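Observations on the three-dimensional arrangement
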Amino acid sequence: MSSSNIYQGSESFRVRLVLSILSGRPIRIVKIRTQDDNPGLHEYEAGFIRLLDKITNGTKVEVNETGTAIYFQPGLLVGGPIEHDCSCQRGIGYYLESVMQLAPFCKKPLKIVLRGVTNDQVDTSVDALKCVFFPILRRFVVDDEGLDMKINRRGAPPLGGGEVFFSCPVRKQLRPFQFLDPGLIKRIRGTAYAVQVSPAMANRMVESAKGLLLKVIPDVFITTDHRKGVGKKGSPGYGIVLIAETTKGAFLVAESSSNPINSGKPPSVPEDIGLEAANRLLQEIYRGGCVDSNCQSSTLLFMALYQKDVSKIMTGPLSPYTIKFLRTLRDFFGTQFKVETKQRSHEEEDLRTGCDKVILTCIGVGYTNLSKTVA
């Protein structure tokens, strides 16, 4: 195996495996947490590999005895109906984000049920993924019939108990994409959820968040979602997800959730949770752009896989995760993005329209879904 296909460390673990499947290149990852007290792959990473094995056909995985090295030979994306129990060490969003990136290129329409933690403080929640990823996915696929996601049950850490259904149609190629005008914020929506706790928790988060957001924009509406849980399974928890929608169809999201029980952290106050989410949303609006910072990497991936034509998008400042993603994407597909900084005019500075924006341009590699049969 050439040195270009060998990577070190656990950083960008998901990204490397996803790009390995899309490019068809086998990879080897070595020195996985060799210096840690708990070396090797963690439970959630092993669960992620098992999930990829279910989605594909012919994938070959070899792990050494200590779990510090892995050889991954990708198979073909198959799709179809799948069920998977996710590790409660990470949220379902850890798994679902990668599934969404692979789903359009399967042989059969993907219909997957994931069980575990729907909302936590580490990973992007399933609510946020639905709000910001679906609009982007609809811009790339020609027909969004069959694109759906339902939260059947909510689950909080550490025991989980949540369940999410996701389905996605398959496409032979992606459609062109240029998105340079995010527009202005026209409304804010949101959901405050409470699992196995008093419904008053959700109401207190709503009042706290609206108290700040109504000072900025008058159109604010936040619903509540109270779940009792299923029997003795699951853990109590609560949180809030806020979404800002622009006049041009861009979506920006922010969220906050309570501290898990038995985590050693003090109990969370609902008013603080609502205020924290509202402040995070205002920071996201200040950064601006046509896509949310959580969705930057997925958008750039689809741009790189597009036909051999020019794609452009304007974003806020690139997150550290996105910068690392672009480097890994270049390793697998050779795709390079032209990055330009759009400076604010004096009028925009006077209006306080946010920070400087970034315009990314690339020519797609002409990726074609060979698994999809021609109708």
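So, here's what we can say about the structure. (Residues numbered from 1 in each chain as written. Predicted model: local features only at pLDDT ≥ 70, side-chain atom pairs only at ≥ 80, totals over all residues. Heavy atoms only, no water.)

Looking at the overall build of the protein
What the protein contains, in helices and strands, is 9 helices and 18 strands. On C-alpha atoms alone, the protein measures out to a radius of gyration of 21 Å, which is about the 21 Å that the 2.2 N^0.38 rule sets for 375 residues. Each of the three principal axes of the protein carries a C-alpha extent, and together these read 60 × 55 × 45 Å. Split into buried and exposed, the 375 residues of the protein put 53% on the buried side. Pairs at least 24 residues apart make up 74% of the contacts formed inside the protein by residues separated by at least 6 positions. On the protein, roughly 17,100 Å² of surface is accessible, and the fraction owed to carbon and sulfur atoms is 50%. Across the protein, the mean location of the 48 positive side-chain charges is 4 Å away from that of the 38 negative side-chain charges. (Helix = DSSP H or I, 4+ residues; strand = E, 2+ residues; numbered from the N terminus. Rg over C-alpha atoms; globule rule 2.2 N^0.38 Å. Buried < 20%, exposed > 50% of the residue type's maximum accessible area, 1.4 Å probe, protein only. Contact = heavy atoms within 4.5 Å. Areas by Shrake-Rupley, 256 points an atom, 1.4 Å probe, with all protein chains shown as cover. Lys, Arg positive; Asp, Glu negative; His and termini not counted. Charge placed at Lys NZ, Arg CZ, Asp CG, Glu CD.)

Quick word on helix H8 (residues 320-333)
Its 14 residues place the ends of H8 20 Å apart at the C-alpha level, agreeing with the 20 Å of an ideal helix rising 1.5 Å per residue. Turning to H8, its buried residues number three or more, namely Thr-322, Phe-325, Leu-326, Thr-328, Leu-329, Phe-332 and Phe-333. Where the residues of H8 are buried, they touch strand E1 (6-8), helix H1 (13-23), strand E2 (27-30), helix H7 (296-305) and strand E18 (357-363). Where H8 ends, the next residue or the one after it, Gly-334, has phi of about 70°, a positive value. (Expected span 1.5 Å × (residues − 1).)

So, the environment of Cys-362
Position of Cys-362 relative to the elements: it lies in strand E18. For the pair Cys-362 and Thr-335, spaced 27 residues apart in sequence, the C-alpha to C-alpha distance is 7.4 Å. Among all residues touching Cys-362, those that are not within four sequence positions of it are Met-303, Ala-304, Asp-309, Val-310, Ser-311, Thr-335, Gln-336 and Phe-337.

Overview of the environment of Leu-114
Its location among the elements puts Leu-114 in strand E8 (residues 108-116). A relative accessible area of 1% places Leu-114 in the buried class. Sequence separation between Leu-114 and Asp-85 is 29 residues, and the spatial gap between their C-alpha atoms is 5.9 Å. Non-local contacts of Leu-114, meaning those with residues more than four positions away in its chain, are made with Leu-51, His-84, Cys-86, Ile-92, Tyr-95, Leu-96, Gly-162, Glu-163 and Val-164.

Description of the sheet that holds E8
The strand order across the open sheet formed by 4 strands is E7-E8-E10-E9, and the pairing between neighbours is mixed. The open sheet has two edge strands, strand E7 (79-85) and strand E9 (148-153), and neither has a second partner. Strand-to-strand twist across the sheet, computed as the mean angle between neighbouring axes with direction ignored, equals 10°. Bridging between E9 and strand E10 (residues 162-168) involves 5 bridges; their strand directions are antiparallel. Paired with Asp-148 across the bridge in E10 is Ser-167. Together, E7 and E8 form the strand contacts of helix H2 (residues 43-55), whose direction differs from that of E7 by roughly 160°. The strands touched by helix H3 (residues 92-102) are E7, E8, E9 and E10; relative to E8, the strand with the most contacts, the crossing angle is about 175°. (Pairing = 2+ DSSP bridges. Axes fitted to C-alpha atoms, helices over the stretch in contact; angles between N-to-C directions.)

Some words on the nonpolar core
Counting residues in each nonpolar core, the largest one holds 82 residues, and the members touching the most others are Leu-17, Leu-22, Leu-96, Phe-166, Ile-313 and Phe-337. Of all the elements, helix H4 (residues 126-140) adds the most residues to this core, at 9 residues. Aside from chain neighbours lying at most four places away, what touches Leu-17 is Ile-27, Ile-29, Phe-48, Ile-49, Leu-52 and Phe-72. If you look at the next biggest cluster of nonpolar residues, it comprises 23 residues, including Ala-202, Ile-222, Ile-273 and Ala-277. (Core = buried A, V, L, I, M, F, W, Y, C linked by side-chain atoms within 4.5 Å.)

Considerations on the packing of H2 against H3
The description of two helices packed together rests on the angle between their axes and the distance between the axes. Interhelical geometry of H2 versus H3 gives an angle of 30° and a closest axis separation of 11 Å. The angle between H2 and H3 falls in the class roughly parallel. Crossing handedness for the pair H2 and H3: right-handed. For the pair formed by H2 and H3, the contact residues are Tyr-44, Glu-45, Gly-47, Phe-48, Leu-51, Leu-52 and Ile-55 on the first element and Tyr-94, Tyr-95, Ser-98, Val-99 and Leu-102 on the second. (Parallel < 35°, antiparallel > 145°, perpendicular 65-115°, else oblique. Left-handed = near helix turned anticlockwise from the far one by under 90°.)

Side note on the pairing of strand E13 (residues 220-227)
Taken together, the 8 bridges between strand E12 (residues 185-195) and E13 define a ladder with parallel strand orientation. By the bridge assignment for E13, Ala-194 is matched with His-226.

Concerning the environment of Ser-268
Here Ser-268 lies in the loop between strand E15 (251-257) and helix H6 (270-287). Along the primary structure Ser-268 and Tyr-238 are separated by 30 residues, whereas in three dimensions their C-alpha atoms are 9.2 Å apart. With sequence-adjacent residues up to four places away left out, Ser-268 is seen in contact with Tyr-238, Ser-258, Asn-259 and Ile-273.

Quick look at the sheet that holds strand E11 (residues 178-179)
Backbone hydrogen bonds are what pair the strands of a sheet, in a parallel or an antiparallel way. One open sheet accounts for 4 strands, arranged E11-E16-E18-E17; its pairing is mixed. Of all the strands in the sheet, just E11 and strand E17 (338-342) have a single pairing partner and so form its edges. Where E11 and strand E16 (residues 310-315) come together, 2 bridges link them in parallel fashion. Residue Phe-179 lies in a different strand from E16, and its bridge partner there is Ile-313. Each of E16 and E18 touches H7; the most contacted strand, E16, lies at about 165° to it.

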